[in-house]
Amino acid sequence: MSSDLDFSFSKKELKIRKTQQYKEVFRNGHRVRSKKFNILYASNALGYSRLGLVVAKKNVPSAVRRNRVKRVLREFFRRNKSLFGSNDVLLLANKGSDKLVDYANVRREIEKAIGSNLL
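These notes cover the structure that comes with them. (Residues numbered from 1 in each chain as written. Predicted model: local features only at pLDDT ≥ 70, side-chain atom pairs only at ≥ 80, totals over all residues. Heavy atoms only, no water.)

**Regarding the overall build of the protein**
Alright, step 1. When you go through the protein residue by residue, the secondary structure sums to four helices and four strands.
Alright, step 2. Starting at the N terminus and walking to the C terminus, you meet the elements of the protein as α-α-β-β-β-α-β-α.
Alright, step 3. Counting every position in the protein, which comprises 119 residues, the buried fraction comes to 41%.
Alright, step 4. Taking contacts inside the protein between residues at least 6 apart in sequence as the whole, the part at least 24 apart equals 77%.
Alright, step 5. Element-wise, carbon and sulfur atoms account for 48% of the exposed surface of the protein, whose accessible area totals about 7100 Å². (Helix = DSSP H or I, 4+ residues; strand = E, 2+ residues; numbered from the N terminus. Buried < 20%, exposed > 50% of the residue type's maximum accessible area, 1.4 Å probe, protein only. Contact = heavy atoms within 4.5 Å. Areas by Shrake-Rupley, 256 points an atom, 1.4 Å probe, with all protein chains shown as cover.)

**Regarding the nonpolar core**
Alright, step 1. Within the largest apolar cluster, 25 residues are counted, with the highest numbers of intra-cluster contacts made by Phe37, Ile39, Leu73, Leu91, Val106 and Ile110.
Alright, step 2. Those elements that provide at least two residues to this core are strand E2 (37–43), strand E3 (50–54), helix H3 (63–79), strand E4 (87–93) and helix H4 (103–114).
Alright, step 3. Not counting the four nearest positions on each side in its chain, Leu91 is found in contact with Asn38, Ile39, Leu51, Gly52, Leu53, Val54, Leu73 and Ile110.
Alright, step 4. In this structure, Tyr22, Leu40, Leu90 and Leu92 belong to the second largest nonpolar core, which totals seven residues. (Core = buried A, V, L, I, M, F, W, Y, C linked by side-chain atoms within 4.5 Å.)

**With respect to the packing of H3 against H4**
Alright, step 1. Between H3 and H4, the shortest axis-to-axis distance is 10 Å and the interhelical angle comes to 65°. Viewed along their axes, H3 and H4 form a crossing whose handedness is right-handed. Contacts from Val72, Leu73, Glu75, Phe76 and Arg79 in H3 reach Tyr103, Val106, Arg107, Ile110 and Glu111 in H4. (Axes fitted to C-alpha atoms, helices over the stretch in contact; angles between N-to-C directions. Left-handed = near helix turned anticlockwise from the far one by under 90°.)

**Notes on the pairing of E3**
Alright, step 1. Of all five residues in E3, four are buried; the element is thus mostly enclosed.
Alright, step 2. Inspection of the sheet shows E3 paired to E4 by five bridges, in the parallel sense. Bridged to Val54 within E4 is Leu92.
Alright, step 3. After leaving E3, the chain enters H3 and then returns to the sheet as E4, a path that is left-handed. (Pairing = 2+ DSSP bridges. Right-handed = clockwise from strand over helix to strand, strands pointing away.)

**Description of the pairing of strand E1 (residues 30–33)**
Alright, step 1. Both E1 and E2 contribute to a ladder of four bridges, which runs antiparallel. When the bridges of E2 are listed, His30 appears paired with Tyr41.
Alright, step 2. In textbook terms, the turn of a hairpin is the stretch between consecutive antiparallel strands, and for E1 and E2 this stretch comprises three residues.

**Looking at the environment of Leu83**
Alright, step 1. Among the secondary structure elements, Leu83 is positioned in the loop between H3 and E4.
Alright, step 2. We classify Leu83 as partly exposed; its relative accessible area is 23%.
Alright, step 3. C-alpha separation for the pair Leu83 and Gly115, spaced 32 residues apart in sequence, amounts to 9.5 Å.

**Observations concerning H3**
Alright, step 1. Across its 17 residues, H3 extends 24 Å between first and last C-alpha, which sits within 8% of the 24 Å expected from 1.5 Å per residue.
Alright, step 2. Among the residues making up H3, those that are buried are Arg66, Val69, Val72, Leu73, Phe76 and Phe77. Down the axis of H3, the smallest arc covering the buried residues is 140°, so these residues share one side. (Expected span 1.5 Å × (residues − 1). Arc of directions from axis to C-beta.)

Structure, rendered in structure tokens:
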């Protein structure tokens, strides 16, 4: 697998794609909360982190804003893979998460929430 200096985001390797993988993190994961996001993480044996996103229509009704939230969250993960170690990470958007429209606000919110929990 690529090193932490690699800023790519490969669907095949770095994205949680299957329902069973999501269920595993929900079942065995640890939860960290912030105002705008819930973060669930569970260790994996892969040696690198993977990301799953849940941005519900109920919490972010506009498709344009939902897609924007997902793009910004993927960008945060892509730039900060080393924060997550060897964990499967689910980022769940709460109501109002679409108000954090820029990367800096999302980064501040998530880093404040995770602190040293994942390390």
